[in-house]
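Below are the chains, spelled out letter by letter.
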Amino acid sequence: MQFHKYHGLGNDYIVLDPQTFQRELAPETIERICSRHFGVGSDGILLGPLPGGRDELPLQRDPSRAKPEMKGFALRIFNPDGSEAEKSGNGLRIFARYLWDCGLVECNRPFAVHTLGGPVSCLVVDPSQEITVEMGRVSFSSRDIPVSGPERQVLNELIQVGGYDLSYSAATIGNPHCVVLCDATSPEFTKAIGPVLESEARFPNRTNVQFMRVLDRQNIQIEIWERGAGYTLASGSSASASAAVAYRLGLCDGQITVHMPGGNLHIAVDNHYEIRMTGPVATVAKGQIAEELLG
């Protein structure tokens with residue numbers, strides 16, 4: 001059973017094609033494959049392209065967002081703990097690179113990818129250096145994210161965690177995010193507070209967590225605790241949500257470079273909070289998953 005492995009700024013994914021990986025992806029199988037010690041090792045699994053395209057994803061929220069003339073592919077995204085993610089920015093760029101490597105898409109011709117978090121438009125400009133994903137529209141609505149309590153725009157709210165009084169804003173771009181504004185960021189603080197915020201009661205579906213420092217009008221720095229994956233070197237959806245929060249709060253302009261431990265992504269935010277993400281993807285390896293690994 002063949003696999004392909006890529007990384008986007010240190011955030012690595014294994015791509016499994018259903019045509020060559022004809023086995024159910026049970027949570028324990030996903031955990032075993034993603035294990036750094038007992039498996040191939042990754043931050044998640046991309047299962048696709050799925051047969052039947054968009055019909056394989058009945059939960060997608062707005063199929064009309066993808067232009068009908070575009071070639072379309074369907075994708076499922078799994079976290080290393082076996083849970084399923086609605087959307088992943090790095091995962092989408094990696095999947096776009098995989099489709100290009102397989103000769104299924106061409107450079108400078110947009111195509112659609114359908115996810116549980118909704119359809120997106122992708123464009124491969126340079127397969128290793130420049131892949132763009134139209135991530136969709138960010139919402140700050142408590143109903144959309146979701147966040148418990150009265151319906152509201154979740155901006156600059158206070159939360160007490162681990163003895164700290166933190167100011168956070170919540171957002172969704174197809175998956176939930178909690179963006180904490182900080183004067184300084186560190187891996188140690190992220191690893192200590194991130195898992196507490198991920199499972200905080202006000203986030204019924206759990207949440208991705210970003211600790212954000214605004215550097216200037218065009219640059220922010222974030223540290224990331226990813227729902228279902230833990231401390232992460234880079235995340236496209238986290239970069240998108242953080243940039244949207246910075247823009248919504250008036251702290252940054254609409255063209256933002258997001259600095260992460262694994263590298264930088266460029267995020268463009270328009271007046272409707274539609275997000276365009278651009279960044280690189282690198283090939284790591286390809287090979288065969290042994291039957292012995294799968295038990």
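Residues numbered from 1 in each chain as written. Predicted model: local features only at pLDDT ≥ 70, side-chain atom pairs only at ≥ 80, totals over all residues. Heavy atoms only, no water.

It is worth spelling out the overall build of the chain at this point. When its secondary structure is counted, the chain shows four helices and 19 strands. Over its C-alpha atoms the chain spans a radius of gyration of 18 Å, differing by no more than 12% from the 19 Å that the globule rule assigns to 295 residues. With respect to the principal axes defined by its C-alpha atoms, the chain has extents near 50 × 40 × 35 Å. Taking all 295 residues of the chain together, the buried fraction comes to 57%. (Helix = DSSP H or I, 4+ residues; strand = E, 2+ residues; numbered from the N terminus. Rg over C-alpha atoms; globule rule 2.2 N^0.38 Å. Buried < 20%, exposed > 50% of the residue type's maximum accessible area, 1.4 Å probe, protein only.)

Further remarks concern the sheet that holds strand E3 (residues 45-47). Strand pairing in a sheet relies on backbone hydrogen bonds, with the paired strands running either antiparallel or parallel. With mixed pairing, the six strands of this open sheet are ordered in space as E6-E5-E3-E2-E1-E19. Looking at which strands have only one partner, the edges of the open sheet turn out to be strand E6 (84-85) and strand E19 (282-288). Both strand E1 (residues 2-8) and strand E2 (residues 11-16) contribute to a ladder of five bridges, which runs antiparallel. Each residue of the ladder has a partner; that of lysine 5, found in E2, is isoleucine 14. On top of the sheet, helix H1 (residues 27-34) reaches E2, E3 and strand E5 (76-78); it is set at about 125° to E3, its chief contact. In the packing of helix H2 (residues 89-101) onto the sheet, contacts are made with E1, E2, E3 and E19, and the angle to E1 comes to roughly 130°. (Pairing = 2+ DSSP bridges. Contact = heavy atoms within 4.5 Å. Axes fitted to C-alpha atoms, helices over the stretch in contact; angles between N-to-C directions.)

The terminal C-alpha atoms of helix H4 (residues 236-248) lie 18 Å apart, and with 13 residues this matches the ideal 18 Å at 1.5 Å per residue to within 8%. Most of H4 sits out of view: 11 of its 13 residues are buried. Listed in full, the buried residues belonging to H4 are Gly236, Ser237, Ser238, Ala239, Ser240, Ala241, Ser242, Ala243, Ala244, Val245 and Ala246. In the segment just after H4, glycine 250 is the residue with positive phi, at about 75°. (Expected span 1.5 Å × (residues − 1).)

Looking now at the side chain of histidine 4. With respect to the helices and strands, the residue histidine 4 is situated in strand E1. Residue contacts for histidine 4: discarding those within four places in its chain leaves Tyr13, Ile14, Val15, Tyr98, Ala285 and Lys286.

Once that is clear, we can look at empty space enclosed by the protein. Under the criterion given, the structure shown has two cavities of 30 Å³ or more. One number sums up the size of the largest cavity: a volume of about 70 Å³. Lining the largest cavity we find Tyr13, Asn79, Ala85, Glu86, Lys87, Ser88, Asn175, Asn208, Glu226, Arg227 and Ser237. Counted by class, the lining of the largest cavity contains two nonpolar, five polar and four charged residues. By volume, the second largest cavity amounts to about 40 Å³. If you go around the second largest cavity, the residues you meet are Asn156, Ser167, Tyr168, Ser169, Val179, Leu181, Met212, Val245 and Leu249. Broken down by secondary-structure element, the contributors of at least two residues to the lining of the second largest cavity are strand E11 (164-172) and strand E12 (176-181). Counting residues per element, the lining of the second largest cavity draws most heavily on E11, at three residues. A class-by-class count of the residues in the lining of the second largest cavity yields six nonpolar, three polar and no charged. (1 Å grid on protein atoms, 1.4 Å probe; cavity = no way out; pocket = protein on both sides within 12 Å on 5 of 7 lines; lining within 4 Å. Points joined across faces, edges and corners; volume = space filled by probe spheres on them. Nonpolar A, V, L, I, M, F, W, Y, C, P; charged D, E, K, R; others polar.)

Enumeration over the complete set of coordinates arrives at 17 salt bridges. Among the salt bridges present, the one from lysine 5 reaches aspartate 12, with a minimum N-O distance of 3.4 Å. Accessibility expressed as a relative area gives 7% for aspartate 12, which makes it buried. Ionic pairing is found between arginine 143 and glutamate 151, a salt bridge with its closest N-O pair at 3.8 Å. No difference in accessibility class separates arginine 143 from glutamate 151, as the two residues are exposed. Sharing partners across several salt bridges, the network here consists of Lys5, Asp12, Arg36 and Asp43. (Salt bridge = Lys/Arg side-chain N within 4 Å of Asp/Glu carboxyl O.)

Here we come to the confidence of the model for the chain. For the chain, mean pLDDT is 93; residues scoring 70 or higher make up 94% of the total. Scored below 50 in pLDDT, residues 55-66 shows 31 contacts in the model against residues more than four places distant or in partner chains. (pLDDT = per-residue confidence, 0-100.)

To continue, consider the nonpolar core. Of all hydrophobic cores here, the largest spans 51 residues; its most connected members are Phe111, Val258 and Met260. Considering every element that reaches this core, the biggest residue donor is H2, with six residues. Dropping the residues within four chain positions of it, phenylalanine 111 is found in contact with Met70, Lys71, Phe73, Ala96, Leu99, Val105, Val120, Ser121, Cys122 and Val124. (Core = buried A, V, L, I, M, F, W, Y, C linked by side-chain atoms within 4.5 Å.)

So, about the environment of threonine 207. Locating threonine 207 in the fold gives a position in the loop between helix H3 (187-198) and strand E13 (208-216). A relative accessible area of 0% places threonine 207 in the buried class. A sequence separation of 157 residues divides threonine 207 from leucine 50, and the C-alpha atoms of the two residues are 26 Å apart. Each residue touching threonine 207, except ones within four places of it in the same chain, is listed here: Pro176, His177, Cys178, Leu197, Glu198 and Arg227. There is a polar contact of 3.5 Å between the side chain of threonine 207 and the backbone oxygen of proline 176. Separated by 3.4 Å, the side chain of threonine 207 and the backbone nitrogen of histidine 177 make a polar contact. (Polar contact = N/O pair within 3.5 Å; in protein donor to acceptor, adjacent residues only side chain to side chain.)

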